[in-house]
Amino acid sequence: MILPIVAYGDPVLKREAEEIDENYEGLQELISNMFETMYQASGVGLAAPQIGRSIRLFIVDASPFADDVDDENPDPKAEGLKDFKKVFINPIIEEEDGEDWAFQEGCLSIPTIREDVYRKEKITISYYDENWDFHEDVLEGYAARVVQHEYDHVDGILFTDHLSPLKKRLLNKKLNNISKGNVDVAYRMKFPVKKRSK
Ligand SMILES: [Zn+2]
């Protein structure tokens, strides 16, 4: 089932989400609905707050980045992305290191806006998968990037929060329009600000 994606301005996107346990009702169905929703919207990641659930769960499938890889000229940041489809439950970023690098990020909750965001190259993250098996992974490049973006969502942080105050001010009108639903988007969304009826 495709779920509506919550748009910028909804308070659920600013809330620090709660951990869940193995008794969380309907978890497998929720995960499968989130994948369906993400693929339909052509996303590479989706966090539970984006579909209105304030829980520490996100999914990623970064294989579209692998498709861009040129065999003659491989991009080291795209390494290992072919099967990079994962579920992260109760994740903790244990460590971040390396240089800060810029990448133009977008977000299914903030359609039409893309901006350069600086993040560290490498992360160590611990989490449970959909079978409640525990993992600790070291990620780099685009894999780290997608996970850092989604991890922010379960902490109530959006990529626009990483922009300079000036940049954010310049985007203010666009962001307000997104909250009101004045935006062209090809997937189902839920907008926090009701349009005034005439
Ligand atoms: Zn996002």
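Here goes a summary of the coordinates provided.

Analysis parameters
Residues numbered from 1 in each chain as written. Predicted model: local features only at pLDDT ≥ 70, side-chain atom pairs only at ≥ 80, totals over all residues. Heavy atoms only, no water. Helix = DSSP H or I, 4+ residues; strand = E, 2+ residues; numbered from the N terminus. Contact = heavy atoms within 4.5 Å. Lys, Arg positive; Asp, Glu negative; His and termini not counted. Charge placed at Lys NZ, Arg CZ, Asp CG, Glu CD. Core = buried A, V, L, I, M, F, W, Y, C linked by side-chain atoms within 4.5 Å. Buried < 20%, exposed > 50% of the residue type's maximum accessible area, 1.4 Å probe, protein only. Donors = N, O, S within 2.8 Å, 3.2 Å for Na, K, Ca; no water.

1. Looking at the overall build of the protein chain
For step 1, the next point in the chain: Secondary structure summary: the protein chain contains 4 helices and 7 strands in total.
For step 2, the next point in the chain: Traced from its N-terminal end to its C-terminal end, the protein chain shows the element sequence β-α-β-β-α-β-β-β-α-α-β.
For step 3, the next point in the chain: The long-range fraction of contacts in the protein chain, counting pairs at least 24 apart against all pairs at least 6 apart in sequence, stands at 69%.
For step 4, the next point in the chain: Positive and negative side-chain charges of the protein chain, numbering 25 and 39 respectively, have mean locations separated by a distance of 14 Å.

2. Let's talk about the nonpolar core
For step 1, the next point in the chain: Counting 38 residues, the largest nonpolar core has Met 34, Leu 46, Leu 57, Ile 59 and Ile 110 as its most contacted members.
For step 2, the next point in the chain: If one sorts the elements of this core by residue count, helix H1 (residues 27-40) sits on top with 6 residues.
For step 3, the next point in the chain: Other than its neighbours up to four places away in sequence, Leu 46 contacts Ile 5, Met 34, Thr 37, Met 38, Ile 51, Phe 58, Ile 59, Leu 108 and Glu 150.
For step 4, the next point in the chain: Core analysis: the next-biggest nonpolar cluster, separate from the first, contains 25 residues, Ala 17, Ala 144, Val 146 and Tyr 151 among them.

3. What to know about the coordination of the zinc ion
For step 1, the next point in the chain: All of the protein donors around the zinc ion are Cys 107 (SG), His 149 (NE2) and His 153 (NE2); their distances to the metal are 2.1 to 2.3 Å.
For step 2, the next point in the chain: Every donor residue of the zinc ion comes from the same chain, spaced as C-x41-H-x3-H. Taken together, the residues Cys 107 in the loop between strand E4 (85-105) and strand E5 (115-128) and His 153 in helix H3 (residues 141-154) connect sequence positions 46 residues apart. For the pair Cys 107 and His 153, one class covers both residues: buried.

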